[in-house]
Amino acid sequence: MRKTMTGLFAGVGLMWACGTSAQAQELTIFWAEWDPANYLQELVNEYEAQTGVKVTVETTPWADFQTKAFTEFNAKGSAYDLVVGDSQWIGAASEAGHYVDLTEFFTKHNLTQVMAPATVKYYSEYPANSKKYWSIPAEGDAVGWSYRKDWFEDPKEMEAFKAKYGYDLAPPKTWAEMRDIAEFFHRPDQKRYGIAIYTDNSYDGLVMGVENAIFSFGGELGDYQNYKVDGIINSEKNVKALELYRELYGFTPPGWAKSFFVENNQAITENLAAMSMNYFAFFPALVNEASNPNAKVTGFFANPAGPNGEQFAALGGQGISVISYSKNQEEAMKFLEWFIKDETQKRWAELGGYTASAKVLESPEFQNATPYNKAFYETMFKVKDFWATPEYAELLIQMNQRIYPFVTAGQGKAKEALDSLAADWNATFKKYGRNK
Amino acid sequence: MATAVMTSLDTKSRAASHGMSDIRIRNLFIVPTILFLIVFNIFPLIYSLGYSFTDFRASSNAPANFVGLQNYRELLNDPFIWSNFAITAKYVIVSVSGQVIVGFGTAMLLNRDIPLKGLLTTLLLLPMMLSMAVVGLFWKLLYDPSFGIINYTLGLGSFEWLSNPDMALYAVAITDIWMWSPFVMLLSLAGLSAVPKHLYEAAAIDRAGPFYTFFRITLPLVAPILMIAIIFRTMEAFKTFDLAYILTSQPTTEVISIRLYKMAFQEWQTGRSCALAYIVLIMVLAITNIYVKYLNKVKER
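Residues numbered from 1 in each chain as written. Chains lettered and ligands numbered in written order. Predicted model: local features only at pLDDT ≥ 70, side-chain atom pairs only at ≥ 80, totals over all residues. Heavy atoms only, no water.

We now examine helix H8 (residues 168–193) of chain B. All names here are of chain B. In this model, H8 (26 residues) spans 37 Å end to end at C-alpha, consistent with the 38 Å of a helix rising 1.5 Å per residue. At Trp180, H8 shows its maximal bend, which comes to roughly 40 degrees, and the proline Pro182 appears one to four places after that position. Counting buried residues along H8, 19 of its 26 residues qualify, which places the element largely inside the surrounding structure. (Helix = DSSP H or I, 4+ residues; strand = E, 2+ residues; numbered from the N terminus. Expected span 1.5 Å × (residues − 1). Bend = angle between axes of the 7 residues up to and from the residue. Buried < 20%, exposed > 50% of the residue type's maximum accessible area, 1.4 Å probe, protein only.)

In structure tokens:
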């Protein structure tokens, strides 16, 4: 009996030891469900081929991404080893101890020089200018525009446009031109509409759309250093930007009040709109004839300039972080060392991912690889982002609550919406002792 | 009968032979249930009550600080929260009234001798057997202003159901009415079939009209079971989340459960959301109590 029990315990012990060893050979990366996640899975398959470590990219729909990720973090769960988290999460995740501090890793590999400056600033560093880093820039992204070249280049349309507006029909260089073009192509009787913009208020869709206008109008969301918002978020520039965004909503297809990246690509693929706002990460689907019957006649342009010539865009994209509760942190760090290598970053870009590596971004090879890569490269040097403080989710919901009724239903005035937003944000910062 | 007694004795003797008394066997089934209730219902309820008096945020590793009634005070003074309650109340009234009218009306129609009555009843029950998520996505397509079949059938052009802030709540309520009227119909049908036929015969002999028969015989006798349907549907409509969340993201359809979800799982204001959950619970309990009192009065008549 004693022999049997000893054998049994030895067997269980061996199984446990083997189990632990097998676990160390696997890594799970958590990300949202979109094309770049599929490209990442392809990339990490190559890591498995080289090292034998199996890496799985587990995804969830964008609408659940934040909730699912933070539920796992809060439970101190070890289901995921790495997460490709949104840029605005970095304050909440780092202050709460969910992310591993990567400052040493950053310094050792000189990543502030290796990666494009904007990506380091928005995806990795928190607090701003602290030189503390919590993630490696993984998927660089920003908002750009696609348009129907065939509609724009139709001689009859060009003539009619010139007659009506007094200048040539071409991809807009300013938001005012974009408004004119949207108005010109808005023909509900022909089921053709002027423009597709972000309006979904369930996460950051609408806010990012409005940010594109605000930043290019020379406005800001606030002073990120001292949490001052009054007179900034409700500035005259921002009021004008929000009014124009509301005006553009009038030229969108019917029922466009809950539209984000999927719908905005559909606006081009289904012949609905002349121009469409979207993240660069979704543009590969627009140059692919299998997913876009209009691929050959789809063009791209960067976010246009505001009335004073300033030209910025809202930042998308994410950095990759090691989760504090992962049991495979050592293996995860080895993976990151492989991920930041020049050849890996080059391969990442070839697969369709938006590398943040400055060297790859600057290469003619990258810039000429697609019709939009050059616009992406240029945009990544003029991007701005939302608040990354731990209270970003409250700030985001408050902004949605205030601007959504104005943009989609014309309720109230832009100034009133932004004044109320300033009051909400002030109260939130006061509640958390930020703006003492 | 003899077989039954024998079986019972056999079981007893078998249990006794294993040293298990009736009480032990009963406890074997009851104790796990009680434990399950304590662990999964009562403990979280009390735990969350404790959190509702703190500033705890599940997203941070900071400890919970006791803030007394601050969360309750702030929530009850928050105009957005009251607006969410007003939207919820409007939704409950429209949705439940619609379900009672459609469900009871359908039950009245089915409470006749009609061919294929069984098949018709089964088919009418189908909507409530579907999942909320599927119904939400299905009706989202039906309401689509560009290719939705509703606008096409009604000749409404590109009428916006879900994007229109004034219409969106009604669109959600219509979907809920479609889905849950069969539930009211089923209960009403049970009530209607239980009305003694001789009452109608007596009314017919007295030459009572259909109006009189309905209000003096049918409705009073079906009222208790109809009230039970109303209680269930009111509680469910008050807690509604799925349909409104899937169909629209309008501020005019942000019922209290959506606000609660955002507060708890997007903003991670755990303590505050616990307080809101308790306010909602108290409201649902109060409404249910009023209904139950009314139901008892109806039964006494």
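In this section: the nonpolar core. All names here are of chain A. If you look at the biggest cluster of nonpolar residues, it comprises 152 residues, and the most contacted ones within it are Phe335 and Trp425. Broken down by element, the residue count for this core peaks at 9 residues, all from helix H19 (residues 392–409). Excluding residues that lie within four positions of it along the chain, Phe335 makes contacts with Leu27, Ile29, Val44, Tyr47, Val55, Leu82 and Ile320. (Core = buried A, V, L, I, M, F, W, Y, C linked by side-chain atoms within 4.5 Å. Contact = heavy atoms within 4.5 Å.)

Let's shift gears to the packing of aromatic side chains. All names here are of chain A. Applying the stated criterion across every chain yields a total of 72 aromatic pairs over all chains. When the ring of Phe73 is compared with that of Tyr99, the centres are 6.0 Å apart and the planes differ by 80 degrees; the resulting orientation is edge-to-face. With a gap of 26 residues between them, Phe73 in helix H3 (residues 62–74) and Tyr99 in the loop between helix H4 (90–95) and helix H5 (103–108) connect regions that are remote in the sequence. The buried category is assigned to Phe73, whose relative accessible area is 1%. Between Arg187 and the ring centre of Phe184, over which it is positioned, the NZ or CZ distance is 5.0 Å. (Phe/Tyr/Trp six-rings, centres within 6.5 Å; stacked < 30°, edge-to-face > 60°. Lys NZ or Arg CZ within 6 Å of the ring centre and 35° of its normal.)

Across the contact, 33 residues belong to chain A and 27 residues belong to chain B. Interface area, chain A with chain B, both sides summed: about 2500 Å², of which 47% is carbon and sulfur. For the pair chain A and chain B, the number of links is 1 salt bridge. Salt-bridge contacts for Glu394(A) lead to Arg57(B); the nearest nitrogen and oxygen are separated by 2.9 Å. (Buried area = accessible area lost by both parts, 1.4 Å probe. Salt bridge = Lys/Arg side-chain N within 4 Å of Asp/Glu carboxyl O.)

A few words on the packing of helix H12 (residues 236–249) of chain A against H19(A). Residue and element names in this part refer to chain A. Two numbers describe how H12 lies on H19: the axes approach to 8 Å, and their chain directions differ by 45 degrees. Classified by the interaxial angle, the pair formed by H12 and H19 is oblique. Contacts between H12 and H19 involve Leu242, Glu243, Tyr245, Arg246 and Tyr249 from the former and Ile403, Phe406, Val407, Thr408 and Ala409 from the latter. (Axes fitted to C-alpha atoms, helices over the stretch in contact; angles between N-to-C directions. Parallel < 35°, antiparallel > 145°, perpendicular 65-115°, else oblique.)

Attention now moves to the pairing of strand S1 (residues 26–32) of chain A. All names here are of chain A. Counting buried positions along S1 gives 6 out of 7 residues, so the element sits mostly inside the fold. Bridging between S1 and strand S2 (residues 54–60) involves 7 bridges; their strand directions are parallel. Bridge pairing in S2 links Trp31 to Thr59. Between the parallel pair S1 and S2, the chain is carried across by helix H2 (residues 35–51), and the sense of this crossover is right-handed. (Pairing = 2+ DSSP bridges. Right-handed = clockwise from strand over helix to strand, strands pointing away.)

Turning to the packing of H2(A) against helix H15 (residues 342–351) of chain A, a few remarks are in order. Geometry of a packed helix pair, given as the angle between the helix axes and the separation of the axes. Residue and element names in this part refer to chain A. With their axes 9 Å apart at the nearest point, H2 and H15 run at an angle of 135 degrees to one another. Classified by the angle between their axes, H2 and H15 sit oblique to one another. The way H2 lies across H15 gives a crossing that is right-handed. Between H2, through Pro36, Tyr39, Leu40, Glu42, Leu43 and Glu46, and H15, the contact on the second element is made entirely by Thr344, Arg347, Trp348 and Leu351. Partitioning the contact of H2 with H15 into residue classes produces 6 nonpolar, 1 polar and 3 charged. (Left-handed = near helix turned anticlockwise from the far one by under 90°. Nonpolar A, V, L, I, M, F, W, Y, C, P; charged D, E, K, R; others polar.)

A separate point is the pattern of salt bridges. Residues and elements named next belong to chain A. Across all of its chains, the model carries 29 salt bridges over all chains by this definition. A salt bridge links Lys162 to Asp168; the nearest nitrogen and oxygen atoms lie 3.2 Å apart. The structure contains a network of salt bridges with shared partners spanning Arg179, Asp180, Glu183 and Glu247.

Our focus in this paragraph is the confidence of the model for chain B. In the predicted model, chain B carries a mean pLDDT of 90, and the fraction of residues at 70 or more is 94%. Under a pLDDT of 50 for its full length, residues 1–9 of chain B has, in the predicted model, 0 contacts with residues more than four places off or in other chains. (pLDDT = per-residue confidence, 0-100.)

Bringing the confidence of the model for chain A into the picture now. Overall, the prediction assigns chain A a mean pLDDT of 92, with 94% of residues at 70 or greater. Across residues 12–23 of chain A the pLDDT falls below 50, and counting only partners more than four positions away or on other chains, this stretch makes 1 contact in the model.

For the rest of this paragraph, the subject is helix H7 (residues 117–124) of chain A. Counting buried positions along H7(A) yields 6 of 8 residues, so the element is predominantly enclosed. Of all the positions in H7(A), only Ala118(A), Thr119(A), Val120(A), Tyr122(A), Tyr123(A) and Ser124(A) are classed as buried.

Residue and element names in this part refer to chain B. Relative to the helices and strands, Leu260 resides in helix H12 (residues 256–266). As for Leu260 and Thr270, which are separated by 10 residues in sequence, their C-alpha atoms are 9.9 Å apart. Residues in contact with Leu260, not counting those within four places in the same chain, are Ser273, Leu276 and Ala277.

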